Amino acid sequence: MSPFQGYRGDAVLSGVRSRKRVFATAAAEPVTAAPKRQKRGDEMPLDALPDECLFEVLRRVQGTRARCASACVSRRWLALLAGIRASEAVLAPAAPAVPDLNQEYLSEDDEADLMDLDGDARERTLEGMEATDARLTAAAVAGRLAAVSVRGSHPARGVTDAGISALARGCPELRSLTLWDVPQVTDAGLAEVAAECHSLERLDISGCPMITDKGLAAVAQGCPELKSLTIEGCSGVANEGLKAVGRFCAKLQAVSIKNCALVDDQGVSGLVCSATASSLTKVRLQGLNITDASLAVIGYYGKSIKDLTLSRLPAVGERGFWVMANALGLQKLRRMTVVSCPGLTDLALASVAKFSPSLRLVNLKRCSKVSDGCLKEFAESSKVLENLQIEECSRVTLTGILAFLLNCSPKFKSLSLSKCVGIKDICSAPAQLPVCKSLRSLAIKDCPGFTDASLAVVGMICPQLENVNLSGLSAVTDSGFLPLIKSSNSGLVNVDLNGCENLTDAAVSALVKAHGASLAHLSLEGCSKITDASLFAISESCSQLAELDLSNCMVSDYGVAVLAAAKQLRLRVLSLSGCMKVTQKSVPFLGSMSSSLEGLNLQFNFIGNHNIASLEKQLWRCDILA
């Protein structure tokens, strides 16, 4: 039998004859280099596949690290990965029973990185120049994000609907989305979020002019779990979007609508009147074209509202506040803030206090029609009031404040008066001075007419103070501050004397000797008469002091050395900003505080960058601002 029989002998022989002809021809011709054999990988590169085939390949890529690596290959791969919904990804097969010997060894640092990618690191923030579609898409490819914030946008390659769509497809478990100043995002992007992210609980959009009622309505219908909604400066949002939110978002708890020119009474009423608004506990309305009608609706239907903020509502009058209070719906209201509302008068404020039995905190700012006339009645009506904050209300004086304290609730704990030009010394003391033993915190800030005479009275009427803030009272001296220290029966814990430039070492020494066992925070920023003598007293008397601010004081290297040597003192935060007498000689003393120091401010002094670098090595656990 022929050795080629059964093996297609004719073809083989033909092949032999063919090779002989090739060799013969080659022998007759000049010898040339044989062409290199084409590599198999070059015959059909993976990028030559159409999108449909490459999509099928990429949706089978498993693991965050592998998906991120694939996304780095090219923009085309990144775009295809971004278009893969979580429901379209092919699940990995079961793990093999034997270990994979070909698996790459991972060091401890690599393992940490892998844990960061595949673990519970589920928040991502993109700001300014970093906020681009490419970065947002890459974050979406990594997947499993629960909270994403985009703050600002790249001017040329900013975030658009494409990036938001990629985020929605890649992160269907998204629960919080923040879009601030992203002008290229439109309703289409929000619609994609609504279609994919049904677990969304928090939406915050600000400065997005291309988002309108259409996008907001899509979110309302597609995200039934929505609990918090913030819309600010969105010129395209009007009433219909808010009505849709009121209709479909039954779990909505907090809503903030600010500076939206197209929103009026219909939008606010549609949001609050809806049957689904029964869970609404926090409402903030600012810079809107609403009238008394909106406040009447809030007063009647806001039965679950606990926190209400009304800011810059020029069309709301006294009648609106009065009706809101008398509608008897705000029985659960605990916190109320009113800013720049001319409709809040003495009558309106008294009505709110009378018909809101749960009111605990009231914050009034730039309310020009609120005066002393209502403070006594307000105090008598507010049975459980704990905190009163008054800022830039020029018609409120010390006479009204004393009347308030004389009639306030036994639960009243905190009073703050800021930038009130009417708060100044009174010519004669009232017939009866109050004694408010429940008051624990007192702040009198930037009231230029408040001097030593009034501060001495404060000490007599508030014997149980623990927190005192006298920021910006440049007229206060040791004569007024020392009686306050002596009359305080409870140990002072937080004392802020920022800008009290006429206080001296005598006042600080008296303070720490009387309250050094309880004092935890002391700010002497801008007290230009404070020297090393105060630091010596602090080092001897303070055992609980954790934060000390000596910015722009006249302390020196000697004072820093005294602080560092105090064994019972364990400062966590120390500020020496603007202390021109603190030099490089303080570096070893500051370095010796490494066991406790967590924050150190060394701006605007003569320590020097080289010494700062040395100090950073010694205080490796401390945040140094220089």
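As the structure is a prediction and not an experimental result, all values here were calculated from the model.

K.L.:
What should I look at first to understand the packing of aromatic side chains in this one?
P.N.:
The tally for this structure, following the rule as stated, stands at three aromatic pairs. Where Tyr300 meets Tyr301, the ring centres are 4.9 Å apart and the plane angle is 80°; that geometry is what we call edge-to-face. Residue Tyr300 is classed as partly exposed on the basis of its relative accessible area, which comes to 47%. For Tyr301, a relative accessible area of 40% corresponds to the partly exposed category. Between Phe404 and Phe412, the ring centres sit 5.1 Å apart and the planes meet at 75°, which makes this aromatic pair edge-to-face. Of the residues examined, Phe404 reaches a relative accessible area of 1% and is grouped as buried. Taken together through their ring pairs, the aromatic side chains of Phe378, Phe404 and Phe412 make up a single cluster. The ring centre of Trp620 lies 5.6 Å from the NZ or CZ of Arg621, which sits over that ring.

K.L.:
I tried to follow the confidence of the model for the chain on my own but got confused; where do I start?
P.N.:
The predicted coordinates of low-pLDDT regions are not to be read in fine detail. Of the residues in the chain, 80% have a pLDDT of 70 or more, and the chain-wide mean is 85. Of the regions scoring below 50 in pLDDT, residues 100-120 engages in 15 contacts with residues more than four places distant in sequence or in other chains.

K.L.:
Honestly, the pattern of salt bridges in this entry has me stumped. Any pointers?
P.N.:
When charged atoms on two side chains of opposite charge get close, those side chains can pair. Throughout the structure, instances matching the rule amount to 14 salt bridges. Between Glu192 and Arg169 there is a salt bridge, with its nearest N and O atoms 3.6 Å apart. In this pair, Glu192 is assigned in helix H9 (residues 187-196) and Arg169 in helix H8 (residues 161-170), connecting sequence segments 23 residues apart. By relative accessible area, Glu192 is classed as buried at 16%.

K.L.:
Explain the environment of Lys424 to me, please; I cannot follow it from the model alone.
P.N.:
Relative to the assigned elements, Lys424 resides in the loop between strand S12 (414-418) and strand S13 (441-445). As for Lys424 and Ala453, which are separated by 29 residues in sequence, their C-alpha atoms are 9.6 Å apart. Not counting the four nearest positions on each side in its chain, Lys424 is found in contact with Leu398, Gly449, Phe450 and Ser454.

K.L.:
Explanation requested: the environment of Met129 in the structure shown.
P.N.:
As for its placement among the helices and strands, Met129 is situated in the loop between strand S1 (123-127) and helix H7 (133-142). On the basis of relative accessibility, which here comes to 54%, the residue Met129 falls in the exposed class. Once the C-alpha coordinates of Met129 and Arg151 are considered, the two residues, 22 residues apart in sequence, prove to be 9.7 Å apart. Ignoring any residue separated from it by four or fewer positions in sequence, one finds Met129 in contact with His154 and Pro155.

K.L.:
Honestly, the pairing of strand S10 (residues 361-365) in this entry has me stumped. Any pointers?
P.N.:
Consecutive side chains along a regular strand alternate between the two faces of the sheet. Of all the five residues making up S10, four are buried; the element is thus mostly covered by neighbouring parts of the structure. Direction of pairing for strand S9 (residues 335-339) relative to S10: parallel, over a ladder of five bridges. Opposite Val338, over in S10, you have Leu364 as the bridge partner. Note that the unit made of S9, helix H15 (residues 346-355) and S10 has a crossover that is right-handed. For the crossover that starts at S10, traverses helix H16 (residues 375-381) and ends in the parallel strand S11 (residues 387-391), the hand is right-handed.

K.L.:
Explain the packing of helix H11 (residues 239-248) against helix H12 (residues 265-273) here, please?
P.N.:
In helix packing, the relevant descriptors are the interaxial angle and the interaxial distance, both defined with respect to the helix axes. Between H11 and H12, the least distance of the axes is 7 Å, while the angle of their chain directions is 5°. Comparing the axis directions of H11 and H12 gives the class roughly parallel. For the pair H11 and H12, contact is made by Asn239, Leu242, Lys243, Val245 and Gly246 and by Gln266, Gly267, Val268, Gly270 and Leu271, respectively. Taken together, the residues of the contact of H11 with H12 sort by class into four nonpolar, five polar and one charged.

K.L.:
I tried to follow the pairing of strand S6 (residues 254-258) on my own but got confused; where do I start?
P.N.:
Here S6 lies mainly inside the structure; five of its five residues are buried. Of the two faces of S6, the one carrying Ala254, Ser256 and Lys258 and the one carrying Val255 and Ile257 are both buried. Relative to S6, strand S5 (residues 228-232) runs parallel, the two sharing five bridges. Residue pairing for S6: Ile231 is matched across the bridge by Ile257. In the classification by handedness, the crossover that spans S5, the intervening H11 and the parallel S6 is right-handed. Alignment of S6 against strand S7 (residues 282-286), held across five bridges, turns out to be parallel.

K.L.:
Just to check I follow, could you spell out the state of the cysteines for this structure?
P.N.:
Disulfides are covalent bonds that link the sulfur atoms of two cysteine residues. Inspection of the entire model under this criterion finds zero disulfides. Between Cys171, a cysteine without a disulfide, and Cys197, which holds the nearest cysteine sulfur, the sulfur-to-sulfur distance is 7.4 Å. The thiol of Cys553 is unpaired, and the distance to the nearest cysteine sulfur, on Cys527, comes to 5.6 Å.

Thresholds applied
Residues numbered from 1 in each chain as written. Predicted model: local features only at pLDDT ≥ 70, side-chain atom pairs only at ≥ 80, totals over all residues. Heavy atoms only, no water. Phe/Tyr/Trp six-rings, centres within 6.5 Å; stacked < 30°, edge-to-face > 60°. Buried < 20%, exposed > 50% of the residue type's maximum accessible area, 1.4 Å probe, protein only. Lys NZ or Arg CZ within 6 Å of the ring centre and 35° of its normal. pLDDT = per-residue confidence, 0-100. Contact = heavy atoms within 4.5 Å. Salt bridge = Lys/Arg side-chain N within 4 Å of Asp/Glu carboxyl O. Helix = DSSP H or I, 4+ residues; strand = E, 2+ residues; numbered from the N terminus. Pairing = 2+ DSSP bridges. Right-handed = clockwise from strand over helix to strand, strands pointing away. Axes fitted to C-alpha atoms, helices over the stretch in contact; angles between N-to-C directions. Parallel < 35°, antiparallel > 145°, perpendicular 65-115°, else oblique. Nonpolar A, V, L, I, M, F, W, Y, C, P; charged D, E, K, R; others polar. Disulfide = S-S within 2.5 Å.

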